[in-house]
Amino acid sequence: MADQPGWAGVGPQLAARLAKLDIRRPQDLVLHLPLRYEDETRLTPIGAARAGMPVQVEGEVQSCEVTLRPRRQLVARIRDDSGTLVARWLNFYPSMQKQLEAGRRVRLFGEVRGGFFGDEMIHPRLRAVDPGEGLPEALTPVYPTTAGLAQSALRKLIGRALNNVPPEELLPAARLPGLKLPGFAEALRTLHQPPPDVDPHGLEMRAHPAWLRIKFEELLVQQLSLRRAYNARRTRHAPVLRERGQLTAALLAQLPFKLTGAQARAVAEIARDLALPHPMQRLLQGDVGSGKTIVAALAMLQAVENGRQAVLMAPTEILAEQHWKKLAAWLEPLGVGIAWLSGSRKKKEREAELARLASGEVLLAVGTHALIEDPVALPRLALAIVDEQHRFGVRQRLALRDKGADAQHPHMLMMSATPIPRTLAMSYYADLDVTVLDELPPGRTPILTKLVTESRRDQVIARVRDACLGGAQAYWVCPLIEESEALQLKTAVETFESLTAALPDLKVGLVHGRMKSDEKSTTMTAFAAGELQLLVATTVIEVGVDVPNASLMVIEHAERFGLAQLHQLRGRVGRGTAESACILIYAHPLSENGRARLKVIYEHSDGFAIAREDLRIRGPGEFVGARQSGLPLLRYADLEGDAELLEPARTVAEGLLREAPDVAARLMDRWLGGREGLLGA
Ligand code: ADP
Ligand code: MG
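Basis of the calculations
Residues numbered from 1 in each chain as written. Chains lettered and ligands numbered in written order. Predicted model: local features only at pLDDT ≥ 70, side-chain atom pairs only at ≥ 80, totals over all residues. Heavy atoms only, no water. Near = heavy atom within 4 Å. Polar contact = N/O pair within 3.5 Å; in protein donor to acceptor, adjacent residues only side chain to side chain. Areas by Shrake-Rupley, 256 points an atom, 1.4 Å probe, with all protein chains shown as cover. Nonpolar A, V, L, I, M, F, W, Y, C, P; charged D, E, K, R; others polar. Axes fitted to C-alpha atoms, helices over the stretch in contact; angles between N-to-C directions. Helix = DSSP H or I, 4+ residues; strand = E, 2+ residues; numbered from the N terminus. Parallel < 35°, antiparallel > 145°, perpendicular 65-115°, else oblique. Left-handed = near helix turned anticlockwise from the far one by under 90°. Contact = heavy atoms within 4.5 Å. Salt bridge = Lys/Arg side-chain N within 4 Å of Asp/Glu carboxyl O. Buried < 20%, exposed > 50% of the residue type's maximum accessible area, 1.4 Å probe, protein only. Core = buried A, V, L, I, M, F, W, Y, C linked by side-chain atoms within 4.5 Å. Pairing = 2+ DSSP bridges. Domains from an automatic or database assignment. pLDDT = per-residue confidence, 0-100. Expected span 1.5 Å × (residues − 1). 1 Å grid on protein atoms, 1.4 Å probe; cavity = no way out; pocket = protein on both sides within 12 Å on 5 of 7 lines; lining within 4 Å. Points joined across faces, edges and corners; volume = space filled by probe spheres on them. Lys, Arg positive; Asp, Glu negative; His and termini not counted. Arc of directions from axis to C-beta. Disulfide = S-S within 2.5 Å. Right-handed = clockwise from strand over helix to strand, strands pointing away.

(A) Expanded view of the site of ligand 1. In the vicinity of ligand 1 lie 17 residues, with Gly289, Lys292, Thr293, Arg444 and Asp546 positioned nearest. Note that an oxygen atom of ligand 1 is positioned 2.7 Å from one of the backbone N or O atoms of glycine 289. A distance of 2.7 Å is found between an oxygen atom of ligand 1 and a side-chain nitrogen or oxygen belonging to aspartate 546. Here ligand 1 loses 87% of its free accessible area of 570 Å² to cover by the protein chains. Counted by class, the shell around ligand 1 contains four nonpolar, six polar and seven charged residues.

Here it is, written out as structure tokens:
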């Protein structure tokens, strides 16, 4: 940082501090917008100042001294006609002592509170004034700043930049039909130097047209960079996988069910993409239980029909193994082999699988992230599918993409049951094509959700016994202990022991993340086969596990789980035709968010509705965090509040890329200045 070069009257040291605020050029200064505003246009009589409200007072200094107890501080007493006030500064400069000489007039801006010596202000902003000096006519902007950079210095720098580098209009009104927004320069001036008659509420709430103009441009730039990444991908080459239909038709003929309309549409869309000479980048979204696996299987067969390889990567061993078994059952009758790679396989078996893949003898593979490890060679890779894609990072997805041996990129299909609300999909995921499975297979009965306090745990145990003795199977999810893996393990083992003791007539199993792979596998197989009636588990069963006979889910300390997690866990039941229930045991005291989450999961069963509520409770930052990418985040626009700007931003972005790519490039430079991240992953 220290060797940051200076620029335009900014020395290296200042440049380093500004860089912390992502300000590297004069034009970045003008896009550094106020966090809030302070009203210095009015004075409050000292006697009328209320505690807890920021106010400005003006008065004469009566005394000023440096005291050493309880610690070194500057203490001044100020007086006006209505009263007196004590001001204290723990950090101060000699220049302040000068301004505070007895008899001088000063203005203080801060919050008053009652102190030992009467009303006081701690660390107020201080300004010396000449007698009769007028008040500012406009609101004073307050900027986000960083250590060593005073608010007043930053304000000066920005003011200077605003005058020296007049902001360039890149979106004249003609480019924004139907949007009544002020010009760029005018908007910036309003935000940095609000005129006296500005609506202060609109500024504060960021609803003023000046804010809308800036937020629109920001959203537009986000659309531009995502669309550009999307277009760039279409210039790359991928293997053409024609729709031949022999194997896919044979699989469909042998399935015990018919595809839903949504599945059929998804299959057709993907099949068409695979036949194109550039890489597919598609997100297949479908709520828990909507049947994504068969869609993946059909896509994989299209690769096989063309003599090419396809792989399916899943985030947990349990899920990878389950996929492998299911796919093997579907594909082996068709004479199609499939390799299985995971940490749980013995070295010999692994090596045999690797050899079969490397030679091209086997074209399909399923596995955990073991698939992207070094020894795995997939010389004929044409399609990579990532299940529960939100559980993987960008790097892992890129590593999978780069497994192919030739210069071509494989087609990528990402699958997720964590629905992305529309606004989020339109912004952060605009570089992907999205297919939605908006229909569940027929015959599913809705899951009954119950909220039960901890004090009724015994009744829940009794219910589990009745259900299991009646032929059903149940899951019991242990309390989540995020802080400590060791404690999590201990809790799981204790829960298992206490339930085994309480339910002597049931066969009870346990799975958790620290178990050896083959133990996990044995337990899951026994549960799937109905040999275990109750499965005590940690969140290792959160995603993907499919045991249709299981119809009761109990989640202990449900208030600790996130909404997406609860929805996924609940989705483990309701997969067969039996009536299913999910019992959420919660403990007091409930945090406000915990209570809000339980309410949402109780009231909603549709994953999209839950995701929307989740977005509302948590904000988009965490949601997008799951994508773990270098996507440019939004600084000013907010996806919930500014949703209505998104659609026009998308339209204008498409128009610009088509008709005025130079303007698009300049807009991106203005906002991103070379900060574009790992797009396209
Ligand atoms: P998810 O989308 O959660 O991954 P799965 O692919 O695991 O869902 O499918 C859930 C269950 O529904 C599986 O048992 C699967 O065999 C079954 N299934 C999938 N498609 C259909 C269909 N069209 N009709 C009936 N059952 C189906
Ligand atoms: Mg699945």
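(B) Region of interest: the packing of helix α4 (residues 151-164) against helix α5 (residues 184-192). The contact between α4 and α5 brings their axes to 12 Å, and the two run at 160°. Classified by the angle their axes make, α4 and α5 are roughly antiparallel. In this structure, α4 meets α5 at a crossing whose hand is left-handed. Here α4 contributes Ile158, Leu162 and Asn163 to the contact with α5, which in turn contributes Leu188, Arg189 and His192.

(C) Representation of the pattern of salt bridges in the model. Taken as a whole, this structure holds 34 salt bridges when the rule is applied. Note that arginine 666 is salt-bridged to glutamate 168, the shortest N-O span being 2.3 Å. One end of the pair, arginine 666, is in helix α23 (residues 661-672); the other, glutamate 168, is in the loop between α4 and α5, and 498 residues separate them in sequence. Exposure remark for glutamate 168: the relative accessible area of 40% places this residue in the partly exposed category. Residues joined by salt bridges that share partners form a network here, namely Arg36, Glu38, Glu40 and Arg125.

(D) Representation of the nonpolar core. Within the largest apolar cluster, 80 residues are counted, with the highest numbers of intra-cluster contacts made by Leu18, Leu29, Ile214, Leu220, Leu656 and Leu667. With eight residues, the single largest contributor to this core is helix α7 (residues 209-233).

(E) The sheet that holds strand β19 (residues 534-537), seen in detail. Taking strand neighbours across the sheet as the criterion, the six strands line up as β16-β21-β20-β17-β19-β18 in an open arrangement whose pairing is parallel. Of all the strands in the sheet, just β16 (447-453) and β18 (508-511) have a single pairing partner and so form its edges. Between one strand and the next, the sheet's axes are offset by a mean angle of 20°, whatever the strand orientation. In this sheet, strand β20 (residues 550-555) lies alongside strand β17 (residues 473-477) in parallel orientation, the contact comprising five bridges.

(F) Summary view of the domain arrangement of the protein chain. Domain assignment breaks the protein chain into domain 1 (42-135), domain 2 (246-437) and domain 3 (447-604). Using C-alpha coordinates to define each centre, domain 1 is positioned 68 Å away from domain 2.

(G) Focus on the confidence of the model for the protein chain. Residues of the protein chain with pLDDT of at least 70 account for 96%, and the chain-wide mean is 88. Confidence over residues 626-630 falls short of pLDDT 50; this stretch has 14 contacts with residues more than four positions distant or in other chains. Contacts from residues 676-681, a stretch scored under 50 in pLDDT, to residues over four places away or in other chains number 21 contacts.

(H) Highlighting α23. Between its terminal C-alpha atoms α23 stretches 16 Å, which fits the 16 Å expected from 12 residues at 1.5 Å a residue. As for α23, its buried residues are in contact with α2 (26-30), α5, α7 and α22 (643-659). Remark: glycine 673 follows α23 within two positions and exhibits a positive phi of approximately 40°.

(I) Spatial organisation of empty space enclosed by the protein. Applying the stated criterion to the full structure yields four cavities of 30 Å³ or more. Estimates place the volume of the largest cavity at around 70 Å³. What lines the largest cavity is a set of 12 residues, and nearest its centre among them are Thr418, Pro419, Ala564, Gly607 and Ile610. Mapped by element, the contributors of at least two residues to the lining of the largest cavity are α18 (563-570) and α20 (607-618).

(J) Focus on the side chain of arginine 227. Inspection of the secondary structure assignment puts arginine 227 in helix α7. Of the side chains with opposite charge, glutamate 654 lies nearest to the buried arginine 227, which makes no salt bridge, at 4.0 Å. Non-local contacts of arginine 227, meaning those with residues more than four positions away in its chain, are made with Ala430, Arg650, Glu654 and Leu657.

(K) Structural detail: the environment of glutamate 485. With respect to the secondary-structure elements, glutamate 485 resides in helix α16 (residues 485-502). Between the alpha carbons of glutamate 485 and glutamine 459 there is a distance of 29 Å; along the sequence they are 26 residues apart. Polar side-chain contacts of glutamate 485 include one of 3.5 Å to the side chain of arginine 514.

(L) Inspection of the environment of leucine 451 at higher detail. Considering the arrangement of structural elements, one finds leucine 451 in strand β16. Given a relative accessible area of 31%, leucine 451 falls into the partly exposed group. Here leucine 451 is in contact with Leu584, Tyr586, Leu598 and Tyr602, once residues within four sequence places are set aside.

(M) Looking closely at the sheet that holds strand β11 (residues 338-341). The parallel open sheet is built from seven strands, whose spatial order is β11-β12-β10-β13-β14-β9-β15. Here the strands that pair on one side only, and so sit at the sheet edges, are β11 and β15 (433-437). Geometrically, the sheet is characterised by an average inter-axis angle of 20° between neighbouring strands, direction not taken into account. In terms of strand pairing, β11 meets strand β12 (residues 364-367) through four bridges, oriented parallel. Bridge pairing in β12 links isoleucine 338 to leucine 364. Docked against the sheet, helix α9 (residues 261-274) engages β9 (281-286), β13 (381-386), β14 (411-416) and β15, running at close to 155° with respect to β15.

(N) Looking closely at α16. In this model α16 runs 26 Å from its N-terminal to its C-terminal C-alpha over 18 residues, within 8% of the 26 Å that 1.5 Å per residue would give. When we look at burial in α16, the residues that qualify are Gln488, Thr491, Ala492, Thr495 and Leu499. Viewed along the axis of α16, the buried residues span an arc of 100°, placing them on a single side of the element. Pointing more than 90 degrees away from the buried face of α16 are the exposed residues Ala486 and Ala501. Those residues of α16 hidden inside the fold are in contact with α15 (457-469), β17, β18 and β19.

(O) Broad picture of the state of the cysteines. Counted by the stated rule, this structure contains zero disulfides. As a non-bridged cysteine, cysteine 582 has cysteine 478 as the owner of its nearest cysteine sulfur, 14 Å distant. Overall, the relative accessible area of 1% leaves cysteine 582 in the buried class.

(P) Highlighting the packing of α15 against α16. Contact geometry of α15 with α16 gives a least axis separation of 11 Å together with a crossing angle of 65°. Along this stretch, α15 crosses α16, giving a crossing that reads as right-handed. Between α15 and α16, the residues in contact are Arg457, Ile461 and Arg465 and Thr495, Ser498, Leu499 and Ala502, respectively. Of the residues in the contact of α15 with α16, the class split is three nonpolar, two polar and two charged.

(Q) Local environment of the pairing of β14. With respect to burial, β14 is a largely interior element, six of its six residues being buried. Residues of β14 alternate between two faces, with His411, Leu413 and Met415 on one and Met412, Met414 and Ser416 on the opposite face, all of them buried. Where β9 and β14 come together, five bridges link them in parallel fashion. When the bridges of β14 are listed, leucine 283 appears paired with methionine 414. Pairing between β13 and β14: four bridges, direction parallel. Each residue of the ladder has a partner; that of alanine 384, found in β14, is methionine 412. With helix α13 (residues 394-401) bridging β13 and the parallel β14, this β-α-β connection has right-handed handedness.

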